[in-house]
Each structure stands twice: as C-alpha cells, then as structure tokens.
Amino acid sequence: MEKSRPEPGRRTALNRAIYMAILVASILPMGIILGVMQVHLETAYREVLFRSLQEIADRHSQKVDDFLRERLTGVRVLADLQHDRLLDQGALSAQLGRLQSILGGVYVDMGLVDAKGIQHYYAGPLHLENIDYADKEWFRHASARDVFISDVFLGVRNSPHFIVALKIMLRGEPWILRSTIDFASFVRLVEDVRVGTTGMASIINRKGEFQTAADRHHPNEGPELAALARRLFDTTQDVPRPERVFLADDTVYAMSLLKGGEWVLVVQQDKAEAFRGLDDAQQTLRILLAVISVGVLVGGVLLAWRIIDRIDLMEMEKAVLNSQVVEAGKLSALGEMAAGIAHEINNPVAIMMEEAGWVEDVLADMPPDGNRTEIARSAAQIRTQGKRCRDITHKLLSFARKADTEMTAVDVNAVLREMVALCGQRAHTANVAVSMELAEDLPAVVASPSELQQVFLNLFNNAIDAMEGHGGALRVGTRLNRDGEVAVTLADTGPGIPEPVLQRIYDPFFTTKPVGKGTGLGLSICYGIIKRLGGSIRVDSMVGVGTTFEVHLQPHEGTTASMRHD
Amino acid sequence: MTEQTPTQQPRKVLLVDDETGFLGVLSRRLQRRGFDVTTAENGAEALRALRGTFMDAAVVDLKMHDMDGFELLRVCRRMAPEMPVIILTGHGSAAEAEEGMRLGAAGYLLKPCELDDLVRCLSAVITGNQGCSPLAAPPTCTGGTAPTE
C-alpha cells in the first residue's frame, strides 16, 4: 500500500505556525488584560495606602501641634493676667496650683528666670530655686526668641517632658517664664498609633533625635529618618510639593511637619505588611492567569491537534484523489492507444478479407474439383477469422471511445450486454460461464455511459480474476426493486471474500492481487462513481461459496429504457 | 460467373482510400461484378478523376492520412452533386455516420465490410438514389457466412 507523504519540511513549519498562532492568539489578549489590571490595581492600592498613612500622620501631628499651642497659650494667658505679681514665690505657686487644678498635672512646674539665667522663682515638685541655666541650651534658645518650646527630654519619673518658655517684661526687666510640661499622655498617643502589626509612629527633631519612643528605635534610625525627612525641611521655592509619603528600604514612611517645622511626625510600616493586600490580590491574579493559561494551552493544543489532523486527512484524501486522477489518466491513455491500434489493424484485416473474397471470386470461375473445394474452404476460413478480428476491434473501440461524461439516460441492460461481450473471450478462457437475466422494461438511469461501463467492467474483471484458477459461474441480473430503484446483481462462485478484507475493499490502494496486477483503485473508483450518481453499492460474500455485488441506481423519472447509449 | 446485365453500361465507381492494397483487391472484386472502377489514393487524385470522368458513385474511406474524408465528401458534393457518395467508416460510431449523412453522403458502411453489402449499397444509390439499408439502424456489418456461388 503506497501512500504519498507530504513533504515533511513544509508540514512541520505549517504545524508549528498553527500551534503558535492559536496559543498566541489565546494567551496574549488575556495576558494583556491581566497585566493592565495588575498595574491599575497596584496604582490604586498604593494611592489608598499612602493616603491613609498620610492621614494618620497628619491627624496625629495636628493633635500634637494643638497641644503645644494650648500649653503655650496657657502660660501666655497666665503671664498676661498676672504680670508683675508673678515675681513672688507664693504667687507663682498659687498660679501653678490653679492651673493644675484645672488641667491636671500637665503643667509640672513653673519658674521665672532672669536675663542672666538664674531662676529666682520656682514653683513645683523639685527644688530648682536659684539654679543657673546660663549655660543651658534651652536658655540660649529662649533668650533669643520670644517663645520657645524645647525638645523632649526625660524628666521626673523618667517621663517625657518639654519646656515652654516665654519672654516677658516684668518691672521693666526681661524675664523668662518657663514651665515644664508633661508630654507623657501625648507621647503615649503617638506611641499607641498602630498600623497593622509593624506600623508605628514617632516624632523626631531635625537632628534626628527621637522625641517619642526612643527606646523602640535603633539609635541610627533617627538620623536616617532625619535624612529622609530632609526633603520636607528644604522648603526652597523651586522644589515642588515634596512627597510626604514614600518608600525607602522596605518601609513605607508618611511624614508630617509640626512645631513650626522643627519636628517631624513619622508614621512607618513595613512594606511587606502594608502591601500585603495588594500582594494577595496580585497573587490571586497570577494564579488565575496561570490556571486560565493552562486551560487555554490545553484547549489550544487540542484545537491545533484537531486542525492538523484534519489537514493530514485532507492531504491524504488529496493524495488519493491525485492517484485516482493519474490512474484514470493512464487508463484513458491506454484506451486511446488501444483505439489507435484497433484502427490500424482494421485496414490490413479489411484487405485480408477482401483478398480472401477475391480468391473465392476467382475460384468461382474455375471448374469444381477437390483442390478448388479445399482452397475455397481455406479462403472462407480466412474471412471468418478476419471477421473475428473485426469483432474484437469493434468491441475494443466501442469501449475505448472518448469518455463521454455527459449525463444522459442510459439503458443499463445494453451496457451490461456490451461489457459481457467485451469480456466474453476472457471469461471463456478462465472457464467462467456467464449468464444474464435482464429484466425487460427496465427504466433508464441518469448516468454517464462511459462511467457505468467502467463500473461494470471493473466488477466483471474482478469476478473473472477471482475464478481464474478453477472456473465458475457469473450471473448477471437486473430488476426493478421494491424501492423503485434499478438493481444490478453480479453473483460469482469464486472463493469469496473474508470478513476483514471485506471491510476494506473500497479503500483506495487496497488490493489482494499480487504486485503489478492491480492498482487497488478499481473498487474505490467504482464506489465513487456510484455514490456520485446517487446510487449505492453493496457486497455480500461467503468464503468458499462466492461473492455477490449489488448496485442500486436511481431511475430516470418517467422513462423506460430509451436507447441512447454511446 | 460475372454479374452483369448485358443491356447495362458498366457502372462507374470511384474508390478513394489511402491503402493501396485495399484499393487493389476491392477494385478487382467490383470489376468482376461488373463495375467500372477508378481508384484514387488521395484527395488530389480523386478530384482529378472526378474532373475527368462522370462517375455513377463514389466510395470514400473517412479515415485517410492526408485528407479528411469529410472534407473530400464536401468537395464531391460541391463538384458533382448528382453523384452519390458512400462513406466507409472504421469504428461504428453513430456520430460519424450522422455527420456524413448530414454532409450529404448517400449511405455509409462499416469497414471492413462484406462485398455483397457494398454491391447492394452501390446498386441502391446509383439506380434509385435511395439510401443504403444500413442507414436505418446503427451500422453493423452483417457478418456471417462467406458468399457462396
């Protein structure tokens, strides 16, 4: 069984192209969509996160600023109201006591320091009368300004405090009214800020010194944060609004200026924690992409397989068709050649017969005797044999005539008789007795005469071939069956066809004949012809008994056999 | 015995065929049966013969090498319209026969054919100008036994 394979190189390229095209077309759009979604998601999430952190920072820094302002205001109001009266130890204590009774222990102590730095008057829990603050930094700052708030320091009971200092004129002399403010509650406020589990807030000054939660931070962190915060401090004209929320070293920072820019409230959170929601969402998207990709991949591969299988099938069918066309071409060429030969033979045969006739003519004029009789008999024999030649060539020519594929009304009986005559000699040689039982008044069928000839001739040849060795009988019958179809039966008494072979007899290139004896295309062509005519072909066979082919054809509507066969 | 009615002039027949062997034997046999046969091996000779003598009938082989039988038939019909032409066709195709009839042939026979059929045909077309009997049905040569004398 020969099968013409398509060129492997071209097909592999095509196959690859099909796979690639399907996979790319399926995955690419999805990938793009998910990619875009991811980007948008990230942007949106980040924005919300930053904004919320910023809000926390701003809110708390606002609270602290308010507190500072209030404390300052409290001292200022006191100074404005009491004035010179403050220059008295008792009065100072009394004022402190009043403040404390209203506002609680926020104001820890109070003192008046003269221009030289000596605290002459003091009210409070410690004994700080007449302390010299001249060298103290806060004194220098406070002296230089009208109002001063110090950084936070650990004071009484290791609690965070800061100093509020106000420059006032008492009895014509510049004094500094100072008060220590308990910052603990607000430090607690800031330190209690929780964002997730790793989020926290702290306040640093410009130098990076922690005003709150110093013990929670690495000593280096302060200056690092201060460095990060520098962008906020540099309020030069050409710097656009600085980003107060930013990422640095796996941490998200949100910063807010307070105390007139001297302090920075920093809210921070581990980047991993802050972005966990986003990471989860992105993870989900990625998993989704993977799952869908796998599905698409599988589906795409299957689709490509199916397409390629289909292409393979079509190429095979094409190859079969090509072979059939080639075969038909060969047969046609053979037919033409045979026709040419038959024509050529006709002339010498005609001359031969005429000469034999001439011999008979001449003999007729001669007196009858033994020789004349014998010569006449011989001449007659020559003519008889010549006639045989003529009959043979006529049979051949009638079959090999140019294939008339035009569909016309064909008399099936006539075609069968013609084909039986054509095969007559062969059947005789093979010891096959051919009998015909053709129904009269069989309606004509619409078909191409040469194609029908081909079908019947093929079936006859197959039957005769099958019975070649032992001889047998071939019964040819036609009838009009119950369904109104023209049924042609060819029954032989050959060896029969075994079941597994029977299933494949119409397959192209399938043959049980030895190499060179058959192409295997005969029955497949017959099958094709009958199918195209709208008919059907069936085979029944029993090993050891014989084979029967039955061909059903649709009758030409409304006609009986109109003899127009070519 | 030759077939010939004494009162009759021998009927003149033109045989056109490119096979010389065929021309030879057929003209002999026809002459024995009382025909005056002129032979021509190709179209040119045929036309020369026609111009020279009046023919009672012509027998033309359709399948010739150098001249198409139909073409010769056409020329004959033009040159000598009263002369019946019988065409010999080689493969029993009804189409060729019909074409010949359409072009004006008086009858057609299958080649190789029985001499008796040809003689009968010639007689029919010369005397009565009626067509050859094979016309009615698709051409078949009635084969059979050799003519006995």
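Higher on the page you've got the structure.
Everything numeric in this text was worked out from a predicted model, so none of it was measured.

(A) Molecular detail of the overall build of chain B. Per the secondary structure count, chain B includes five helices and five strands. The linear arrangement of helices and strands in chain B, starting from the amino end, is β-α-β-α-β-α-β-α-β-α. Per-residue burial over chain B gives 52% buried out of 149 residues. Considering only contacts within chain B whose residues lie at least 6 apart along the sequence, 68% involve residues at least 24 apart.

(B) Layout of the environment of Trp 138 of chain A. All names here are of chain A. When you line up the elements, Trp 138 lands in helix H3 (residues 137–144). In this structure Trp 138 comes out as buried when scored by relative accessible area, which is 10%. When neighbours within four sequence positions are excluded, Trp 138 is seen to be in contact with Val 113, Tyr 133, Phe 148, Ile 163, Ala 165, Ile 176 and Arg 178.

(C) Molecular detail of the environment of Val 545 of chain A. All names here are of chain A. Within the secondary structure layout, Val 545 lies in the loop between strand S16 (536–542) and strand S17 (546–553). Each C-alpha atom of the pair Val 545 and Ile 497 lies 9.4 Å from the other, and the pair is 48 residues apart in sequence. In contact with Val 545, other than residues within four places in its own chain, are Asp 492, Thr 493 and Gly 494.

(D) A look at a nonpolar patch on the surface. Residues and elements named next belong to chain A. Together, Met 20, Val 24, Leu 28, Ile 32 and Val 36 give the surface a local cluster of nonpolar side chains, amounting to about 450 Å² of exposed area. Within the secondary structure, Met 20 sits in helix H1 (residues 8–82). Under the relative-accessibility criterion, Met 20 is labelled partly exposed at 47%.

(E) View of the nonpolar core. By size, the foremost hydrophobic cluster in this structure holds 50 residues, and its most contacted members are Val 64, Leu 177, Phe 183 and Val 267 of chain A. Look past the residues within four positions of Val 64 of chain A in its chain and what remains in contact with it is Phe 183, Phe 186, Val 190, Ile 203, Leu 258 and Trp 263 of chain A.

(F) Quick peek at the pairing of strand S9 (residues 251–258) of chain A. Residue and element names in this part refer to chain A. With respect to burial, S9 is a largely interior element, seven of its eight residues being buried. Direction of pairing for strand S8 (residues 245–248) relative to S9: antiparallel, over a ladder of four bridges. Looking across to S9, one finds that Phe 246 is bridged to Tyr 253. What sits between S8 and S9 in their antiparallel hairpin is a turn of two residues, with Asp 249 showing a positive phi close to 50 degrees. Pairing between S9 and strand S10 (residues 263–270): eight bridges, direction antiparallel. Each residue of the ladder has a partner; that of Met 255, found in S10, is Val 266.

(G) Just the sheet that holds S17 of chain A, in detail. All names here are of chain A. Read from one edge of the open sheet, five strands run S12-S14-S15-S17-S16, paired in mixed fashion. Of all strands in the sheet, those bounded by a partner on one side alone are strand S12 (432–438) and S16. Taking each pair of neighbouring strands and ignoring which way they run, the sheet shows an average axis angle of 10 degrees. In terms of strand pairing, S16 meets S17 through seven bridges, oriented antiparallel. Of the residues in S17, the one forming a bridge with Asp 540 is Thr 548.

About the cut-offs
Residues numbered from 1 in each chain as written. Chains lettered and ligands numbered in written order. Predicted model: local features only at pLDDT ≥ 70, side-chain atom pairs only at ≥ 80, totals over all residues. Heavy atoms only, no water. Helix = DSSP H or I, 4+ residues; strand = E, 2+ residues; numbered from the N terminus. Buried < 20%, exposed > 50% of the residue type's maximum accessible area, 1.4 Å probe, protein only. Contact = heavy atoms within 4.5 Å. Patch = residues over 30% accessible without salt bridge, like charges linked within 9 Å, V, L, I, M, F, W, Y side chains within 5 Å. Areas by Shrake-Rupley, 256 points an atom, 1.4 Å probe, with all protein chains shown as cover. Salt bridge = Lys/Arg side-chain N within 4 Å of Asp/Glu carboxyl O. Core = buried A, V, L, I, M, F, W, Y, C linked by side-chain atoms within 4.5 Å. Pairing = 2+ DSSP bridges. Axes fitted to C-alpha atoms, helices over the stretch in contact; angles between N-to-C directions.

Everything listed here is a matter of geometry and, on its own, says nothing about what the molecule does.
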